[in-house]
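Examination of the molecular architecture
For reference, the chains in residue letters:
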Amino acid sequence: MKAATDTDDAREPDGSPGTDGRPTGRRTGVTVAAVVALTATLALLPLSRADRADDGREPRKVAAEAAPAAETAECVEPERSLRPSSQPDEGPTIDKIKARGHLIVGIDQSSYRWGYRNPATKTIQGFDIDLARAIAKDILGSPDDIVFRAIPTNQRVDALNTTTDSGVDLVVRTMTINCARSLQVAFSTAYFQAGQQVLAPKEDSDITGYDESLSGKRVCSADSTTAYDELVKNSFGAIYKDEHDGTPQDEDKLTVPNQLDCLVRLQMGEVDAIVTDNALAAGQAAQDPAIELVGEPFTEEYYGVAAKLGNDDLVRRVNHVLEEYRAGGADSPWMKSYEQWLEAGLPGIKAPPEAKYKD
């Protein structure tokens, strides 16, 4: 399989304001060819187990019904999950994974420091990748007994619920736990706390945060994300809904399959700002010194590992792994991974979020 395009290279700013006040051709190391290459990485691509490529079939989408208001109203702490099993080897899902010989995990290959392809080593690495490998090691004995499948943001639920062979066992992809999603997938306990924040150019921008300064500005977000949901609740007059026929070729698209699409559009001067998780935004700002986080986080959210509803044995096993992954204080695997990947952009975190259980 042809290697996917790398997306974690540092970029330098260039460009000047356009007549409408937005930067035109903000060229931060992204050429037209590079944009095409970056867009190509956002398709549903299988990655390797060790150096072995998996099939590239796209999973059949399963319609995700909107959560009924009455059901979501009863949800108070969606980050509560099943307790770890005292016998983690038992269960039909675990048995199936062991019989297969590898764990299949849906990940991002384009989010710097979370899940991205290192151009030097040609390997996928990052904070989410470390956790996925720890789960594979616990279940199968080796962190290399894993197949990574890159999935777009808006296909995370579908990848778990697909009935085809190209589905996944787990999604470890900066997926926020919330009440609506808890009706579609089964979450582990929280492994990271984040919040929504605004990403904007350092120069030629009067955006100050998630406030009235967004009025009249073109704001990009990824489809099926909490960022888009927040814009629906209160956009402060921002233009965030697509105003086109929905074709992939439309350059004015504001709601995109992947966060990296938003970053490219901001770099090219096609949007004025991005709303996304501050954890992801910190990685994007590290990639491009011409952009920055503005204002303060305006939500409190938790990332969880997602499994298919009903696969309780796998959820309990993941929570068993997370208990050990968090343990050890400053020497815990969680803290070591945080220090390696995230501390530079998200300093000051002293510990992972505490586990909360349903029973």
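Look up a bit, the structure's there.
What comes next is a walk through the structure. (Residues numbered from 1 in each chain as written. Predicted model: local features only at pLDDT ≥ 70, side-chain atom pairs only at ≥ 80, totals over all residues. Heavy atoms only, no water.)

Glancing now at helix α3 (residues 92-100). Every buried residue of α3 is listed here: T93, I94 and I97. The buried residues of α3 occupy an angular sector of 100° when projected down its axis, which confines them to one face. Along α3, exposed side chains directed more than 90 degrees from the buried face belong to P92, K96 and A99. Turning to α3, the residues buried within the fold contact β6 (103-107), α4 (127-140) and α9 (312-326). Looking one or two residues beyond α3, the residue adopting positive phi is G101, at roughly 95°. (Buried < 20%, exposed > 50% of the residue type's maximum accessible area, 1.4 Å probe, protein only. Helix = DSSP H or I, 4+ residues; strand = E, 2+ residues; numbered from the N terminus. Arc of directions from axis to C-beta. Contact = heavy atoms within 4.5 Å.)

Time to look at the packing of α3 against α9. Relative to each other, α3 and α9 sit at 80°, their axes nearing to 6 Å. Classed by the angle they form, the pair α3 and α9 counts as roughly perpendicular. Every residue of α9 that contacts α3 at P92, T93, I94 and I97 is listed here: D313, L314 and R317. Residue composition of the contact of α3 with α9, by class: four nonpolar, one polar and two charged. (Axes fitted to C-alpha atoms, helices over the stretch in contact; angles between N-to-C directions. Parallel < 35°, antiparallel > 145°, perpendicular 65-115°, else oblique. Nonpolar A, V, L, I, M, F, W, Y, C, P; charged D, E, K, R; others polar.)

Turning our attention to the environment of N319. Mapping N319 onto the fold places it in helix α9. Spatially, the C-alpha atoms of N319 and F187 are 9.4 Å apart, while their sequence positions differ by 132 residues. Setting aside its immediate chain neighbours within four residues, N319 contacts S81, L82, P84, S188, T189 and Y357.

In this section: the nonpolar core. Residues W114, F127, I135, Y191 and F192 are the most contacted members of the largest nonpolar core, which totals 42 residues. The residues touching I135, leaving out its near neighbours within four places in the chain, are L103, L170, V305, V318 and V321. Within the second largest apolar cluster, 15 residues are counted, among which are L160, M175, I177 and A190. (Core = buried A, V, L, I, M, F, W, Y, C linked by side-chain atoms within 4.5 Å.)

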